[in-house]
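Observations on the model geometry
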Amino acid sequence: MTVTGRAGRPGPAQGTGGTWRTLRPLRRMLTFWRRSLQARVVVSTVILTAVASGLVGWLVLQQTRSGLLEHHADAVVAEVADELSDAETRLSAASGIDVDSSGQRRDLVEPIIQRGMTRGYYVVMAGPVGDLGGRLTDGGAEYTPGLDVTSVPTSLERHFDREDAKPAWTYTSIHTRGGTATPGIAVGSQVTLPADGRAYTLYFLFPLDEQEETLALVTRGLLVAAGVLLVLIALAAWLVARQVVTPVRLARQVAERLAAGQLQQRMRVSGEDDLARLAVSFNQMASNLQNQIRQLEELSRVQRRFTSDVSHELRTPLTTVRMAGEVLYDARDRFDPPTARAAELLHTELDRFENLLVDLLEISRFDAGAAVLDLEDVDLAGVAHRVADQHRPLTEPRSLELVVIAPDHPCVAEVDVRRVERILRNLVTNAIDHAGESDRIEIRVDSDDHAAAVAVRDHGVGLAPGETAMVFNRFWRADPARDRSSGGTGLGLAISLEDAHLHGGWLQAWGRPGQGAQFRLTLPRYAGARLRHSPLPLVPEDAKEQVS
Amino acid sequence: MSHTAEPTTRGRVLVVDDDASLGEMLAIVLRQESFESYVVTRGDEALDAFHDYRPDVVLLDLMLPGMDGIEVCKQIRHESGVPIVMLTAKGDTVDVVVGLESGADDYVVKPFKPKELVARIRARVRRYDAVPSEQLTIGDLTIDVAGHQVTRGGQPIALTPLEFDLLVCLARKPHQVFSREVLLEQVWGYRHAADTRLVNVHVQRLRSKVEHDPENPEIVVTVRGVGYKAGPA
């Protein structure tokens, strides 16, 4: 087991407050959009419907328009044909009397212009076909008063540049002097004047006011229909989405409650649809989970019970044995030498046995998840001094130096003082065991706003690469051949690591062969807070220089 | 298991433990230390033995047949302030705190060293040593140290010897703040730091007896992060 910790980095710089404030409503909307499935369904349905109905509406409009206009154009062309045959009849009737072409032209066009004015169309009669460059705008044309002759499209004029041109029509916009442009149909046809035998082109311009109005009406109707349709579709989408989303939301709530530990929560199943089947599967999953968790809890309870029983059953006889051993040990002066030695061995080995039992029980309590914290505010510097004082009897005979380096301010953290003291005892005992001759063991303490740390440094044999993770393994020994002078159980560091984890803290080791080792305990200042960094470096300052 | 009364005895110890071997062993060790002892193996016999034997200290196991050790502890405490030391097989927080709250003065965790146990017993019978006559005040309380009596306005307040020691310790130096560790050393006789919950639990018990309002203590005042001190006289 290893403890890994990353140095905390400050988060990315926040944007300026002003920008955030203006963006907040937007962000809230985006959040709503991301979170609400229903809103997304409704909005996308409305957009799709709008696009579809727009397309259909446009097509309908185009169809209506072309239908209306073509129908009208046919009527107009027929009317023009009527008009012309009428005119030709008149001309042929008058042909013998008047041979003056301009007079004949007037005779021809004036009744038509008159009729046009009463019926609401405009007439233009161009000069004889074949006059080069003879365009309406050049003058010489007869037309309905007030009409702007540019209303006749040039393309249509060009069609009648030669004689024998078939009648033709096209759309145009009709301009009148001092009036607005209105869309219309221009129909052209040629007549031959008997007077000079030349062809003259007659243009009839029919305004499309009526058709325009009809189209506008249809468009308005379509728009209203589309609007109503959109609202209805949005409503329908909202209702349909609700039918799906409501059970999903219920499922989410149940899942949240399950996650919060209310394992008996289930979804209500109604009907046989997909959602009902989802609910059934969901409930099955919840039941399985609940069973698994119950089994685990039961196992854990049995384990805890067993630990507690073993603890009690073993401790009572051990106490008796221990006291008996003590009595024998105290009386060893009165025994013969082998028996006295036996009493001594019994005494020391009982110590080891007891320590091992205590550590084993502690480990099994961690494994059973039965370890609980008894938190209070503790000054770690005080704990360090206390632990150092307790270990002085061990260091003095070996002329080891044991110093506490603490800052002026108290290093207070919310911890279980018995566990932290045990960690420190283990670390210091460990350091003493591995220290060299006349070594200096340093206990450094420091804290900042978020964490408090204690590091125990020795300059002894150190740790080989890769051993820094293994030191926390149960019964692990750096060198199996090493003597067990301090009678350590081999569980001390494993228990310490569990203790550190129980606090949400770190216990890490650094070491290098020949340069000693450092163990660093980092604990959050407040229980439950996440650790991001340690106030003390894991690699000691003096060791860093040698590395570089 | 007999009422042997020796003139040189340093005190009478009632041992309540269901393990007969341990009881016998305890008797041997206690005799070596010049304590007289009597062993009971059942919880429901403990109270009768307590009445007959009139011990100076009770050693009480928590897991007992007949009657729970906690219950025995409560009943003894109900009628007497005699020092009770729990013998507990579990160092778990809950057991210890429940034991202390039901009236035990101190506890030792099995397997304990005989010397450790004897030190605990000695610390509890120590108070029978002669003390000079002394009159102390703390808050509106008057303490007669030699007479082992605490009075408020002439009315005596019943305290166990341990609670009395705790109060006297604080009252002797009214301006000093005592850390829990210092109190453990001075009142319980621990040379090394021990379980500070002992102090917390007994301060609560003491407050429930001497304070007007235990929620807002005026006699034994908490100094946050440090310990306790006597309230202003």
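Residues numbered from 1 in each chain as written. Chains lettered and ligands numbered in written order. Predicted model: local features only at pLDDT ≥ 70, side-chain atom pairs only at ≥ 80, totals over all residues.

**Examining the overall build of chain B**
For chain B, the helix and strand inventory stands at eight helices and 12 strands. Considering chain B as a whole, with its 233 residues, one finds that 41% of them fall into the buried category. Across chain B, every contact between residues at least 6 apart in sequence was considered, and the portion connecting residues at least 24 apart equals 56%. (Helix = DSSP H or I, 4+ residues; strand = E, 2+ residues; numbered from the N terminus. Buried ≥ 20, exposed ≤ 12 C-beta atoms within 10 Å, placed from the backbone. Contact = placed C-beta atoms within 7 Å.)

**Observations concerning the overall build of chain A**
Along chain A, the regular secondary structure elements total 12 helices and 12 strands. A burial count over chain A gives 26% of its 548 residues as buried.

**A word on the sheet that holds strand β11 (residues 220-223) of chain B**
Residues and elements named next belong to chain B. Spatial ordering of the open sheet is given by β10-β12-β11, a layout of three strands whose pairing is antiparallel. Among the strands making up the open sheet, the edge pair consists of β10 (178-179) and β11. Note: β11 against strand β12 (residues 227-230), four bridges, orientation antiparallel. Looking across to β12, one finds that Val 220 is bridged to Ala 230. (Pairing = 2+ DSSP bridges.)

**What about unusual backbone geometry?**
Note on backbone geometry: most residues besides glycine have negative phi, and most peptide bonds are trans. Residues and elements named next belong to chain B. Cis geometry marks the peptide bond from Lys 110 to Pro 111; its omega dihedral reads 0 degrees. One can find Pro 111 in the loop between β5 (106-109) and α5 (114-125). One non-glycine residue, His 148, lies in positive phi territory at about 50 degrees. With respect to the helices and strands, the residue His 148 is situated in the loop between β7 (141-144) and β8 (149-152). Owing to 15 C-beta atoms within 10 Å, His 148 belongs among the partly exposed residues under this scheme.

**Some thoughts on the interface of chain A and chain B**
In this complex, chain A contributes 21 residues to the contact, which on the side of chain B involves 19 residues. Listed by contribution, the elements that provide at least two residues to the side of chain A that touches chain B are α6 (274-330) and α8 (380-395) of chain A. A total of 13 residues in the side of chain A that touches chain B trace back to one element, the largest contributor, which is α6 of chain A. By residue class, the composition of the side of chain A that touches chain B is seven nonpolar, seven polar and seven charged. (Nonpolar A, V, L, I, M, F, W, Y, C, P; charged D, E, K, R; others polar.)

**Some points on the sheet that holds strand β4 (residues 182-192) of chain A**
All names here are of chain A. A sheet is described by the order of its strands in space; here five strands give the open sequence β2-β1-β5-β4-β3, paired in antiparallel fashion. The open sheet has two edge strands with one neighbour each: β2 (142-143) and β3 (168-174). Where strand β1 (residues 122-128) lies against strand β5 (residues 199-207), five bridges are found, and the strand directions are antiparallel. Looking at β5, one finds that Met 125 is bridged to Leu 202. Each of β1, β2, β4 and β5 is contacted by helix α3 (residues 101-119), which is oriented at about 165 degrees to β1, the strand it contacts most. (Axes fitted to C-alpha atoms, helices over the stretch in contact; angles between N-to-C directions.)

**Some points on the nonpolar core**
In terms of nonpolar packing, the biggest core is built from 63 residues, with Val 16, Val 58, Leu 59, Leu 60, Leu 167 and Leu 170 of chain B touching the most fellow members. Apart from residues no more than four positions distant in its own chain, Leu 170 of chain B is found in contact with Ile 138, Phe 178, Val 220, Tyr 228, Lys 229 and Ala 230 of chain B. Among the nonpolar cores identified, the runner-up in size contains 48 residues, and Val 378, Ala 381, Leu 402 and Ala 455 of chain A belong to it. (Core = buried A, V, L, I, M, F, W, Y, C linked by C-beta atoms within 7 Å.)

**What about helix α6 (residues 161-172) of chain B?**
For the α-helix, the turn length of 3.6 residues means that residues three or four positions removed from each other point alike. Residues and elements named next belong to chain B. Between its first and last C-alpha atoms α6 spans 16 Å; for 12 residues at 1.5 Å apiece the expected length is 16 Å, and the two agree. Taking burial as the measure, the 12 residues of α6 include nine buried ones, the bulk of the element. Looking at α6, one finds that the buried residues are Leu 162, Glu 163, Phe 164, Asp 165, Leu 166, Leu 167, Val 168, Leu 170 and Ala 171. (Expected span 1.5 Å × (residues − 1).)

**Examining the packing of helix α7 (residues 337-367) of chain A against helix α11 (residues 492-502) of chain A**
All names here are of chain A. Packing of α7 against α11 leaves a shortest axis separation of 10 Å and a crossing angle of 35 degrees. At the point where α7 passes α11, the crossing takes the left-handed sense. Contacts between α7 and α11 involve Asp 359, Glu 362, Ile 363 and Phe 366 on the former and, on the latter, Gly 492, Ala 494, Ile 495 and Glu 498. Here the residues of the contact of α7 with α11 sort into four nonpolar, one polar and three charged. (Left-handed = near helix turned anticlockwise from the far one by under 90°.)

**Regarding α8 of chain A**
Residues and elements named next belong to chain A. Over its 16 residues, α8 runs 21 Å from end to end, which matches the ideal 22 Å to within 8%, given 1.5 Å per residue. Within α8, burial applies to Leu 380, Ala 381, Val 383, Ala 384, Val 387 and His 391. Among the structural elements, β6 (376-379), β7 (401-405), β8 (412-415), α9 (417-434), β9 (440-447) and β10 (451-458) are those in contact with the buried residues of α8.

**Re the packing of α6 of chain B against helix α8 (residues 197-210) of chain B**
A pair of packed helices is captured by two measures, namely the crossing angle of their axes and the spacing between those axes. Residue and element names in this part refer to chain B. The N-to-C vectors of α6 and α8 enclose an angle of 90 degrees; their axes lie 10 Å apart at closest approach. Comparing the axis directions of α6 and α8 gives the class roughly perpendicular. Contacts between α6 and α8 involve Leu 162, Glu 163, Leu 166 and Leu 167 from the first element and His 202, Arg 205, Leu 206 and Lys 209 from the second. Class assignment of the residues belonging to the contact of α6 with α8 gives a composition of four nonpolar, one polar and three charged. (Parallel < 35°, antiparallel > 145°, perpendicular 65-115°, else oblique.)

**A few points about the pairing of β8 of chain A**
All names here are of chain A. Only one face of β8 is covered, namely the one carrying Ala 413 and Val 415; the face carrying Val 412 and Glu 414 has none of its residues buried. Taken together, the four bridges between β6 and β8 define a ladder with antiparallel strand orientation. Counterpart to Asp 377 in the pairing with β8 is Glu 414.

**Observations regarding the environment of Ala 500 of chain A**
Within the secondary structure, Ala 500 of chain A sits in helix α11. Placed 22 residues apart in sequence, Ala 500 of chain A and Thr 522 of chain A show a C-alpha to C-alpha distance of 8.0 Å.

**Some thoughts on the environment of Asn 473 of chain A**
Position of Asn 473 of chain A relative to the elements: it lies in the loop between α10 (467-470) and α11. Asn 473 of chain A sits 19 residues away from Gly 492 of chain A along the chain, and the two C-alpha atoms are 9.7 Å apart.

**Details of the confidence of the model for chain B**
Should pLDDT be low for a region, the predicted coordinates there are not to be read in detail. When pLDDT is averaged along chain B, the result is 85, and 90% of the positions lie at 70 or above. Taken over the whole predicted complex, pTM reads 0.54, whereas the ipTM for its chain interfaces reads 0.79. (pLDDT = per-residue confidence, 0-100.)

**Overview of the environment of Glu 212 of chain A**
Along the chain, Glu 212 of chain A falls in helix α5 (residues 209-259). In the structure, Glu 212 of chain A is positioned 29 residues away from Pro 183 of chain A in sequence and 8.1 Å away in space, judged by C-alpha atoms.

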